[in-house]
Amino acid sequence: MDTDEFDAVVIGAGIAGLYMIHRLREIGLSVRAYEKGDGVGGTWYWNRYPGARCDVQSWDYSYTFSEELNQEWNWTERYPTQPEIERYLNHVADRFDLRRDIDFGTRVDQARFGEDQNKWILRTSRDATVVTRYLVSAVGALSERFVPKINGIETFTGEQYHTNGWPAEGVDFENKRVGVIGTGSTGIQVIPQIAKEAEHLYVFQRTPQHVLPAGNYLLDDVQRRALKEDFGQMLDEKLMNPVGLSNFPLDPPAALELDAETRRELLEEGWRDGGAVALNRAFSDTGLDRKANKFLADFVAAKNREAIDDPEVADRLLTIDHPIGARRTPVAIDYFETYNRDNVTLVDAKTSPIEKISGNVIHAGDDQIELDVLVYATGFDGVSGPLLSMDIQGVGGVPLRTKWATRSTAYLGLIASGFPNLFMITGPGSPSVFSNVIFHIEQHVDWIADCLAYMKEYDMNHIDVDPEVENEWTQLVDDVGKSSLVGSTRSWWTGENIPGKPAGLTFYLGGLQNYRAKCDEVADKGYEGFVLQSR
Ligand code: NA7
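Source: prediction; values computed, not measured.

The next thing to look at is helix 4 (residues 82–95). Compared with the 20 Å implied by 1.5 Å per residue over 14 residues, the 20 Å span of helix 4 between its first and last C-alpha is a close match. All of the buried residues in helix 4 are Gln82, Glu84, Ile85, Glu86, Tyr88, Leu89, Val92 and Ala93. Phi turns positive, to about 50 degrees, at Asp97, one or two residues after helix 4.

This is how it looks when you write it as structure tokens:
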């Protein structure tokens, strides 16, 4: 069988993979991307469940590398829907002629570093062998879906879907009894949509959530024109910003230092503004101090309570045991109102955990619920999950699974020592999802492309990381995160949603602007901390 050989292989054709292909071509490398889906888009290809929408504003959730692209593309809403983002990414793929370098419907199953050749040898799901000097993982933080092991799950006689594997043709819920497991960001988006169609919807909620209102609206031509005119200024704002967003308060006051009235005004303002960040970032101390956090949490719970008719249902939805922002705060459109419908029942999966499934019946505590359709909005094995789902073997045949058995680490979240020439876009140790991720992705892609251009110029073909430098970086990531309430409760952020996964935050929380400065400094010093060689 023929073996294909490239300078660089990219795994994934989502936001990161698409831009990476573009940049690798620009620096004159031959490139091939392998994408398990049949189209581009990554997250926005797979998560096509009803109600799927981004919780970053459309004008911030856009590539910035091409001003022309920004000038010609028109977003229709403040928070773009999955179909609109998928159209945008297809437009990008066509505009930059990226498809000719992508093999769709092809998974990378194995990647072995061949020390003699100083190359990666890949096996794909099409049983092909591919050899490449450089390997770039653009697999995303949230692409390895998680389905809980429930007794008797294989006996379920109805239809089952994970929100991350939604059929392109949609699902017909009419006259059906539907169960949704999970009330994270996904569950909170899909539940109101299914409720409108199903005969009856049962929501299995294990952990009540702090939820913020989206405050979504349609954009008009005047707004769109202004956004295009402000492109340069918004880019400057993003570059200075700790999470890579434009029009964002850089120096908010401390909630604890304000009088009650001023604090209330700011809370009301953030609530009116809506979205994931306005309230979480309205004060400097709500992410650090539990008392300050409680002001915000109580305010949000009281506001959400106003939408729910039945006080008992409201208690079950809003008796929350963790600080707001300790796990990802879902953003909602008509979520709590959904529980006022006669065809919606909230099942408390904490006091009545789902014990087993037999035939079409879900047994949860004393409840026996007959279902025609079961929807898993049960999330992902985040960050390390997609990488570990492949058999990746570095120097000495050491599996990445072994290196990351107790903790996933990588210097700057870019390269893990012992895995030379393997770049990870937004890998563990980077800000990753603690930023406007498309903006962070562009920075990582640019850094990788610049690094490879530098190596080409100086005739080098091997890059690894000094293990001590990697350890120091991991220590810094831990130190920076220590004071934060982020990760102070179990969720996919800490890995505790996955049975047996080592617990711990792997994100750099020191701010995207500081992280960018560090990456630039490392590059300016000839890639300090990395070990570059010619082999
Ligand atoms: P999440 O936020 O990880 O939510 C998963 C949900 O599934 C959450 O409510 C879980 O409850 C629930 N879950 C998982 N297993 C079970 C069982 N066995 N029984 C009951 N409930 C269960 O995933 P999402 O897809 O919503 O969002 C992921 C990210 O995508 C989001 O943070 C944004 O960044 C975009 P739990 O809370 O663990 O008690």
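The 3 strands are arranged 13-14-15 in an open sheet whose pairing can be described as antiparallel. The open sheet terminates on both sides in strands that have one partner only, identified here as strand 13 (354–358) and strand 15 (367–370). When the angles between neighbouring strand axes are averaged without regard to direction, this sheet yields 20 degrees. Inspection of the sheet shows strand 14 (residues 361–364) paired to strand 15 by 4 bridges, in the antiparallel sense. The residue bridging Ile362 from the neighbouring strand is Ile369, located in strand 15.

Okay, the nonpolar core next. Tyr63, Phe423, Trp447 and Phe530 are the most contacted members of the largest nonpolar core, which has 71 residues in total. Counting residues per element, this core draws most heavily on helix 13 (residues 437–457), which supplies 10 residues. Discounting residues that sit within four places of it in the chain, Phe423 has contacts with Tyr134, Leu135, Val136, Ser137, Leu414, Ile415, Trp447, Ile448, Cys451, Leu452 and Ile463.

It is worth spelling out a negative patch on the surface at this point. A surface patch of like charges, here negative, comprises Asp259, Glu261, Glu265 and Glu269. Within the element layout of this structure, Glu261 appears in helix 8 (residues 260–273). Taking relative accessible area as the criterion, Glu261 reaches 57% and is therefore assigned exposed.

Attention shifts here to the pairing of strand 14. In strand 14, alternate side chains face the same way, and those of Val361 and His363 on one face and Ile362 and Ala364 on the other are all buried. Pairing geometry for strand 13 and strand 14, over 4 bridges, is antiparallel. Within strand 14, the residue paired with Ser358 across the bridge is Val361. The hairpin turn running from strand 13 into strand 14, its antiparallel successor, is 2 residues long, and Gly359 in that turn takes a positive phi close to 65 degrees. The antiparallel pairing of strand 14 with strand 15 creates a hairpin that spans 2 residues between the two strands, and Gly365 there sits at a positive phi of about 55 degrees.

Strand order in the open sheet formed by 5 strands is 7-16-8-9-12, and the pairing between neighbours is parallel. Strand pairing shows two members of the sheet lacking a second neighbour, strand 7 (159–162) and strand 12 (344–348), which therefore form its edges. Mean inter-strand twist for the sheet, computed between neighbouring axes without regard to direction, equals 20 degrees. As defined by bridge partners, strand 8 (residues 177–181) adjoins strand 16 (residues 373–376) across 4 bridges and the pair is classed as parallel. What sits directly across from Val178, in strand 16, is Val373.

A few words on helix 13. For helix 13, spanning 21 residues, the distance from its first C-alpha to its last is 30 Å, which sits close to the expected 30 Å at 1.5 Å a residue. Looking one or two residues past helix 13, Asp459 carries a phi angle of roughly 60 degrees, positive in sign.

Surrounding the ligand, one finds 19 residues, the nearest of these being Thr183, Thr186, Arg206, Thr207 and Trp492. Within the backbone of Thr183, a nitrogen or oxygen atom sits 2.9 Å from an oxygen atom of the ligand. One of the backbone nitrogen or oxygen atoms of Ala377 is found 3.4 Å away from an oxygen atom of the ligand. For the ligand, the protein covers 87% of the area, taking 780 Å² as the surface of the free molecule. Across the shell around the ligand, the residue classes break down as 7 nonpolar, 8 polar and 4 charged.

Helix-helix packing is described using two parameters, namely the angle between the two axes and the distance between the axes. With their axes 10 Å apart at the nearest point, helix 9 (residues 290–305) and helix 10 (residues 311–318) run at an angle of 145 degrees to one another. Note that helix 9 runs across helix 10; the crossing there is right-handed. The segment helix 9 lies against helix 10, with Ala301, Asn304 and Arg305 engaging Pro311, Ala314, Asp315 and Leu318.

What follows is about the packing of helix 1 (residues 15–26) against helix 13. Relative to each other, helix 1 and helix 13 sit at 30 degrees, their axes nearing to 9 Å. The angle between the axes of helix 1 and helix 13 places the two elements in the roughly parallel class. Every pair of crossing elements has a handedness; the one defined by helix 1 and helix 13 is right-handed. Contacts from Ile15, Ala16, Tyr19, Met20, Arg23 and Leu24 of helix 1 reach helix 13 at Ile438, Ile441, Glu442, Val445, Asp446, Ile448, Ala449, Asp450 and Leu452. The residue makeup of the contact of helix 1 with helix 13, split by class, is 11 nonpolar, no polar and 4 charged.

Its identity as a non-glycine residue notwithstanding, Asp334 has a phi of 55 degrees, on the positive side. Assignment of secondary structure puts Asp334 in the loop between strand 11 (331–332) and strand 12. Exposure remark for Asp334: the relative accessible area of 48% places this residue in the partly exposed category. A positive phi angle is found at Tyr527, which is not glycine, with a value near 65 degrees. By the secondary structure assignment, Tyr527 is in the loop between helix 15 (512–524) and strand 20 (530–533). Exposure remark for Tyr527: the relative accessible area of 4% places this residue in the buried category.

Calculation criteria
- Residues numbered from 1 in each chain as written.
- Predicted model: local features only at pLDDT ≥ 70, side-chain atom pairs only at ≥ 80, totals over all residues.
- Heavy atoms only, no water.
- Helix = DSSP H or I, 4+ residues; strand = E, 2+ residues; numbered from the N terminus.
- Expected span 1.5 Å × (residues − 1).
- Buried < 20%, exposed > 50% of the residue type's maximum accessible area, 1.4 Å probe, protein only.
- Pairing = 2+ DSSP bridges.
- Axes fitted to C-alpha atoms, helices over the stretch in contact; angles between N-to-C directions.
- Core = buried A, V, L, I, M, F, W, Y, C linked by side-chain atoms within 4.5 Å.
- Contact = heavy atoms within 4.5 Å.
- Patch = residues over 30% accessible without salt bridge, like charges linked within 9 Å, V, L, I, M, F, W, Y side chains within 5 Å.
- Areas by Shrake-Rupley, 256 points an atom, 1.4 Å probe, with all protein chains shown as cover.
- Salt bridge = Lys/Arg side-chain N within 4 Å of Asp/Glu carboxyl O.
- Lys, Arg positive; Asp, Glu negative; His and termini not counted.
- Charge placed at Lys NZ, Arg CZ, Asp CG, Glu CD.
- Near = heavy atom within 4 Å.
- Polar contact = N/O pair within 3.5 Å; in protein donor to acceptor, adjacent residues only side chain to side chain.
- Nonpolar A, V, L, I, M, F, W, Y, C, P; charged D, E, K, R; others polar.
- Left-handed = near helix turned anticlockwise from the far one by under 90°.
- Parallel < 35°, antiparallel > 145°, perpendicular 65-115°, else oblique.

These results come straight from atomic positions and should not be treated as a statement about function.
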